[in-house]
Amino acid sequence: MPSQAGGMRHDAPIVIHRLSATGGRRVVARGQILGLAYRDADVIEFLRRAGVAAPEEVLDDEAWVEWRGGRPHDYGGPDLA
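A few points on the structure. (Residues numbered from 1 in each chain as written. Predicted model: local features only at pLDDT ≥ 70, side-chain atom pairs only at ≥ 80, totals over all residues. Heavy atoms only, no water.)

## What to know about the overall build of the protein chain
Counting its regular elements, the protein chain contains one helix and four strands. From first element to last, N terminus to C terminus, the protein chain shows the α and β order β-β-β-α-β. The buried share of the protein chain, taken over its 81 residues, is 32%. (Helix = DSSP H or I, 4+ residues; strand = E, 2+ residues; numbered from the N terminus. Buried < 20%, exposed > 50% of the residue type's maximum accessible area, 1.4 Å probe, protein only.)

## Thoughts on the nonpolar core
Nonpolar side chains in soluble globular proteins tend to end up buried together. Grouped together as the largest cluster of nonpolar side chains are 14 residues, with contacts concentrated most on I14, I16, V27, A37, V43, L47 and V65. Per-element tally for this core: the top contributor is helix α1 (residues 40–49), with three residues. Discounting residues that sit within four places of it in the chain, L47 has contacts with I14, L34, V52, P55, V58 and L59. (Core = buried A, V, L, I, M, F, W, Y, C linked by side-chain atoms within 4.5 Å. Contact = heavy atoms within 4.5 Å.)

## Some points on the sheet that holds strand β3 (residues 32–37)
Sheet architecture is open: four strands sit in the order β3-β2-β1-β4, paired in mixed fashion. Only two strands of the sheet have a single partner each, and these edge strands are β3 and β4 (65–67). Between one strand and the next, the sheet's axes are offset by a mean angle of 20 degrees, whatever the strand orientation. Two elements, strand β1 (residues 14–19) and strand β2 (residues 25–29), share four bridges in a ladder whose sense is antiparallel. (Pairing = 2+ DSSP bridges. Axes fitted to C-alpha atoms, helices over the stretch in contact; angles between N-to-C directions.)

## Considerations on the packing of aromatic side chains
Geometry of an aromatic ring pair is reported as the spacing of the ring centres plus the angle between the planes. Evaluated as defined, the whole model comprises one aromatic pair. Judged by centre distance (6.2 Å) and plane angle (70 degrees), the ring pair of W67 and Y75 falls under edge-to-face. The exposure classification of W67 matches that of Y75, with both residues buried. (Phe/Tyr/Trp six-rings, centres within 6.5 Å; stacked < 30°, edge-to-face > 60°.)

## Quick look at unusual backbone geometry
With phi around 50 degrees, R30 is a residue other than glycine that occupies positive phi space. In this fold, R30 is placed in the loop between β2 and β3. For R30, a relative accessible area of 72% gives the class exposed. One non-glycine residue, H73, adopts positive backbone phi at about 70 degrees. Relative to the helices and strands, H73 is located in the segment after β4. H73 gets classed as partly exposed once you look at its relative accessible area, which sits at 26%.

This is the structure:
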């Protein structure tokens, strides 16, 4: 199935959305909003609380995480990952 970007769509259970107007990126797991992340450490904590085993290992795994609307690990500010 084509995605909005024209590639193949995958249904990763975790979506990290584009930068919000006020900063940060919304993190959603299986349709549930986990929070607004300002760095990778925030995403890891949200995923840990949601029960993801070894959350730091899934951030770059396309089977787990879909980064939308920007470069992965870019939160719009200084690199705080």
